[in-house]
Amino acid sequence: MTQLLEIFDPKAPPRAIGIDLGTTNSLVAYVKNERPVAIEDCDGRALLPSAVHYGDRGDVVVGVDALRRAAESPRETIVSVKRFMGRGADDPETKRMGPYAFVSPKEGEANVVRFAVRDKVVTPVEVSAEILRALERLAQDELRSVGGAVITVPAYFDDGQRQATKDAGRLAGLEVLRLLNEPTAAALAYGLEKKQNGRFAVYDLGGGTFDVTILVLDDGVFQVKSTGGDSALGGDDMDRALAEEIFHLAKSDVAKATPSEVRVVLDAAREVKHGLTTASEVRFDNPLGRDPAMLDVTRARFDELVRPLLERTGRACKRALRDAGVAAEELDGVILVGGSTRVPAVRAYVKELFGREPLGDIDPDKVVALGAAVQANILAGQGSADEVLLLDVIPLSLGIEVGGGVVDRILPRNTTIPAAARAAYTTQEDEQTGFEIHVVQGERELAADCRSLAKFTLRGIPKMSAGMARLEVTFRVDADGLLGVHAREERTGIEQTVTVKPSYGLDDETVEQMLLDAIDHGEEDLAARRLAEARVEGHRVVGSTRKSLDAEPALLVAGEREAIEAAVAALEASMAGDDPRKIQLRIEELDEASKAFAERRMNHAIAAAIEGQRLSVVEKTVEHAKGIEAAHGAPLPAAPPSSR
Ligand code: ADP
Ligand code: MG
């Protein structure tokens, strides 16, 4: 045995590190001689499989060794723990994500996922902390002294998921300098911030997830403009497609295979896949150990097998571009991230999709950690560049429920945060003394189909006629993704504020599902919305007409009351039906019948007195409801969101 003499400067300041805490693999990097490098273990591996095995003697194993034990003790070996971060224990999705023994929280315990392993219970934060500790040990071995860490997270991670990641870092004893979005980290690794301005797409195909992000670089500041993807799409799907092919080539029935046969074939498939990245054909031993003894797969065949997966990524990319309002031709660069983008078919597909050669010469499975190291170096004050600021977006629209159960969107999805918007509303009923404010999130037209975030009532408003109260609702989402809702009745100054976490527990899958639902139900939602709105409108018009008939009978001319009442009756009959166009038509007819009377009232002194108060509301209404309410002047909602 030889002793290696290492020379290091004991006074050297601790080095900051960058960590990619991935679903499949994690790694740590730092800046060495002004260049970011990944830290390797003693076997020369930089990628640490994100697997944690809890042994029977209280020992904890992380990485390749843990992964090896996953087959025989699946419940004690947690893989892809990232999927559980920040999720509620009651989330119906969680239980479908692994063969684990889940434990429900006890009375008074936080609503987080818990796994029973051996005789203890661990949370995703604790499992992630084990991975972070293993990475920190690697860094310690290399650097002697570790300063702070930058940990990356997917751009779509919500506040709860980010908080959980930060907690894991702290639990591992790391000083978390900042969480950094994975796509932004990749852009930093390529030094794109030096361009000052530009638009970039980051295409990240990992082991089990696909993420696409549109980044806008504005005066050296990166902003996430939109995110998209599929949380159940990645290299594992390629492995499965290839495994089926292997069963087929081996003339074996997948349906009859034992779990261990499936496992060896999947392992073989992954190896063959990796081989096909460099070779155009791979010949290998039949993993089932039967005849035919040798099998072979060509790259051309593999490309065919993965084509449908690639097309799914393409659809997500197109949607992300649309959400960001950026055309593919307007991009200044496309970055490849994730181990699966090594596959030549993926590279070719991305090139075809975006019409340009993507940036891919930095190791795609290391690029995120390398960028995090660059950022860590800057934050630790050792870099030369100015600090790069980062902004996020709201994953799903935020709004409130208005008359008829319809949603009025206040902050649309993909709005960059921090953000604030205001909308104004009025009362629907006479002598209404409270406003029920129901805050919802989602893309559907009706509140019942969206996620309910908070409900509160603004009380104590003095009795006023319908349309006289003016309620201003302000939504403010801060940089951490927390939503503050402020409601104020303008005439009385009565106000109330509530804080909600708009996206806690809203993972990408839920977001995806909610978006799909909105698309699927688009037409029927719209019809339901139109009907609800028409009924609300009809109800209001009937009320205000009756009130004016009662208030100023002296202004009526002969036969006018009868004509107006007939029109009211016709409108009420149409409201019992379900055709919004009929209701609209009857409203117009009632309008026509009462027009002269309304004009006379308008000229009347009383009408003149209130006109000044109503005017501003009426004008705003025109914009929002395209004139329907303009004729009546007591709108709901009254004004479009302003100050975006
Ligand atoms: P994650 O971000 O999900 O943690 P990675 O970026 O490390 O994952 O990607 C892991 C995936 O990359 C695995 O499915 C793995 O099989 C795949 N992969 C790694 N190297 C190659 C290669 N040379 N050819 C094809 N696929 C690869
Ligand atoms: Mg990754």
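Cut-offs used in this document
- Residues numbered from 1 in each chain as written.
- Chains lettered and ligands numbered in written order.
- Predicted model: local features only at pLDDT ≥ 70, side-chain atom pairs only at ≥ 80, totals over all residues.
- Heavy atoms only, no water.
- Helix = DSSP H or I, 4+ residues; strand = E, 2+ residues; numbered from the N terminus.
- Buried < 20%, exposed > 50% of the residue type's maximum accessible area, 1.4 Å probe, protein only.
- Areas by Shrake-Rupley, 256 points an atom, 1.4 Å probe, with all protein chains shown as cover.
- pLDDT = per-residue confidence, 0-100.
- Contact = heavy atoms within 4.5 Å.
- Pairing = 2+ DSSP bridges.
- Axes fitted to C-alpha atoms, helices over the stretch in contact; angles between N-to-C directions.
- Phe/Tyr/Trp six-rings, centres within 6.5 Å; stacked < 30°, edge-to-face > 60°.
- Near = heavy atom within 4 Å.
- Polar contact = N/O pair within 3.5 Å; in protein donor to acceptor, adjacent residues only side chain to side chain.
- Expected span 1.5 Å × (residues − 1).
- Core = buried A, V, L, I, M, F, W, Y, C linked by side-chain atoms within 4.5 Å.
- Parallel < 35°, antiparallel > 145°, perpendicular 65-115°, else oblique.
- Left-handed = near helix turned anticlockwise from the far one by under 90°.
- Nonpolar A, V, L, I, M, F, W, Y, C, P; charged D, E, K, R; others polar.
- Arc of directions from axis to C-beta.
- Salt bridge = Lys/Arg side-chain N within 4 Å of Asp/Glu carboxyl O.

**Some thoughts on the overall build of the protein**
- Counting its secondary structure elements, the protein contains 14 helices and 27 strands.
- The proportion of buried residues among the 644 residues of the protein is 51%.
- Accessible surface, the protein as shown: approximately 30,000 Å² in total, 49% of it carbon and sulfur.

**A short note on the confidence of the model for the protein**
- When pLDDT is averaged along the protein, the result is 83, and 85% of the positions lie at 70 or above.
- Predicted confidence is poor over residues 1-6, with pLDDT under 50, and the contacts of this stretch with residues over four places away or in other chains come to one contact.

**With respect to the sheet that holds strand 23 (residues 435-441)**
- Ordered in space as 20-19-23-24, the four strands form an open sheet in which the pairing is antiparallel. Where the open sheet ends on each side, the last strands, each with one partner, are strand 20 (406-411) and strand 24 (451-458). For this sheet, the mean angle separating the axes of adjacent strands, direction not counted, is 30°.

**Some words on the packing of aromatic side chains**
- Tallied over the full model, the rule gives eight aromatic pairs.
- Ring centres 5.7 Å apart and planes at 40° place the aromatic pair phenylalanine 102 and phenylalanine 115 in the tilted group. Pair noted here: phenylalanine 102 is in the loop between strand 7 (77-79) and strand 8 (115-117) and phenylalanine 115 is in strand 8, with a separation of 13 residues, a long-range link.
- Here phenylalanine 102 falls in the partly exposed class, since its relative accessible area comes to 22%.

**A word on unusual backbone geometry**
- That bond from aspartate 291 to proline 292 is cis: its omega, -10°, falls within 30 degrees of zero.
- Secondary-structure assignment places proline 292 in the loop between strand 15 (281-285) and strand 16 (294-298).
- Located in the positive-phi region is asparagine 33, a residue other than glycine, with phi close to 45°.
- Mapped onto the elements of the fold, asparagine 33 is located in the loop between strand 2 (25-32) and strand 3 (35-38).
- Owing to a relative accessible area of 72%, asparagine 33 belongs among the exposed residues under this scheme.

**Comments concerning the site of ligand 1**
- Close to ligand 1 lie 17 residues; Thr24, Asn25, Lys273, His274 and Thr277 are nearest.
- Here glycine 339 contributes a backbone N or O atom positioned 2.9 Å from an oxygen atom of ligand 1.
- Notes on ligand 1: free accessible area 580 Å², of which the protein chains cover 88%.
- The leading source of residues in the shell around ligand 1 is helix 6 (residues 259-278), at four residues.

**A short note on the side chain of threonine 545**
- Residue position: threonine 545 is located in helix 11 (residues 522-551).
- Look past the residues within four positions of threonine 545 in its chain and what remains in contact with it is Ile564, Val568 and Leu590.

**A word on helix 5 (residues 235-249)**
- Taking 1.5 Å of rise per residue, 15 residues should cover 21 Å, and helix 5 covers 21 Å from first to last C-alpha, within 8% of that figure.
- Every buried residue of helix 5 is accounted for by Gly235, Asp237, Met238, Asp239, Ala241, Leu242, Ala243, Glu245, Ile246 and Phe247.
- The inward-facing, buried residues of helix 5 abut strand 12 (198-205), helix 6, strand 15, strand 16, helix 7 (299-324) and helix 8 (344-354).
- In the segment just after helix 5, lysine 251 is the residue with positive phi, at about 55°.

**Digging into the nonpolar core**
- Among the nonpolar cores identified, the biggest contains 46 residues, and Tyr203, Phe210, Met238, Val346 and Phe354 are the most heavily contacted of them.
- Counting residues per element, this core draws most heavily on helix 7, at ten residues.
- Other than its neighbours up to four places away in sequence, valine 346 contacts Tyr203, Leu205, Met238, Leu310, Ser340 and Thr341.
- Ranked by size, the runner-up nonpolar core spans 42 residues in total, among them Val62, Val127, Val153 and Leu174.

**Things to note about the packing of helix 5 against helix 7**
- The geometry of helix 5 relative to helix 7 is characterised by a closest axis approach of 10 Å and an angle of 130° between their N-to-C directions. By the angle between their axes, helix 5 is oblique relative to helix 7. The handedness of the crossing between helix 5 and helix 7 comes out as right-handed. Residues Asp237, Met238, Ala241, Leu242 and Glu245 of helix 5 lie in contact with helix 7, whose contacting residues are Arg301, Phe302, Leu305, Val306 and Leu309.
- Considered class by class, the residues forming the contact of helix 5 with helix 7 number seven nonpolar, no polar and three charged.

**Regarding the environment of valine 262**
- By the secondary structure assignment, valine 262 is in helix 6.
- Judged by its relative accessible area of 30%, valine 262 falls in the partly exposed class.
- Remark: the alpha-carbon pair of valine 262 and leucine 288, spanning 26 residues in sequence, is separated by 9.2 Å.
- If sequence neighbours within four positions are ignored, valine 262 has contacts with Phe247 and Ala257.

**Thoughts on helix 8**
- All of the buried residues along helix 8 are Ala345, Val346, Tyr349, Val350, Leu353 and Phe354. Within helix 8, the buried residues cover an arc of 145° as seen down the axis, which keeps them to one side.
- On the buried face of helix 8, the contacting elements are strand 12, helix 5, helix 7 and strand 17 (333-337).
- Taken from the residues just after helix 8, glycine 355 is the one with a positive phi, measuring 65°.

**Brief notes about the pattern of salt bridges**
- Taken as a whole and assessed by the stated rule, the structure comprises 33 salt bridges.
- Linking arginine 170 and aspartate 167 is a salt bridge whose minimum nitrogen-to-oxygen distance equals 2.8 Å. Within this pair, arginine 170 and its partner aspartate 167 are both found in helix 3 (residues 159-171), separated by three residues, close to a single helical turn.
- The closest approach of N and O atoms between arginine 301 and glutamate 304, which form a salt bridge, is 2.7 Å. One end of the pair is arginine 301 and the other is glutamate 304, both in helix 7 and three residues apart, which spans about a single turn.
- For arginine 301, a relative accessible area of 31% puts it in the partly exposed group.
- A single salt-bridge network, built from bridges that share partners, covers Asp239, Asp267, Arg270 and Lys273.

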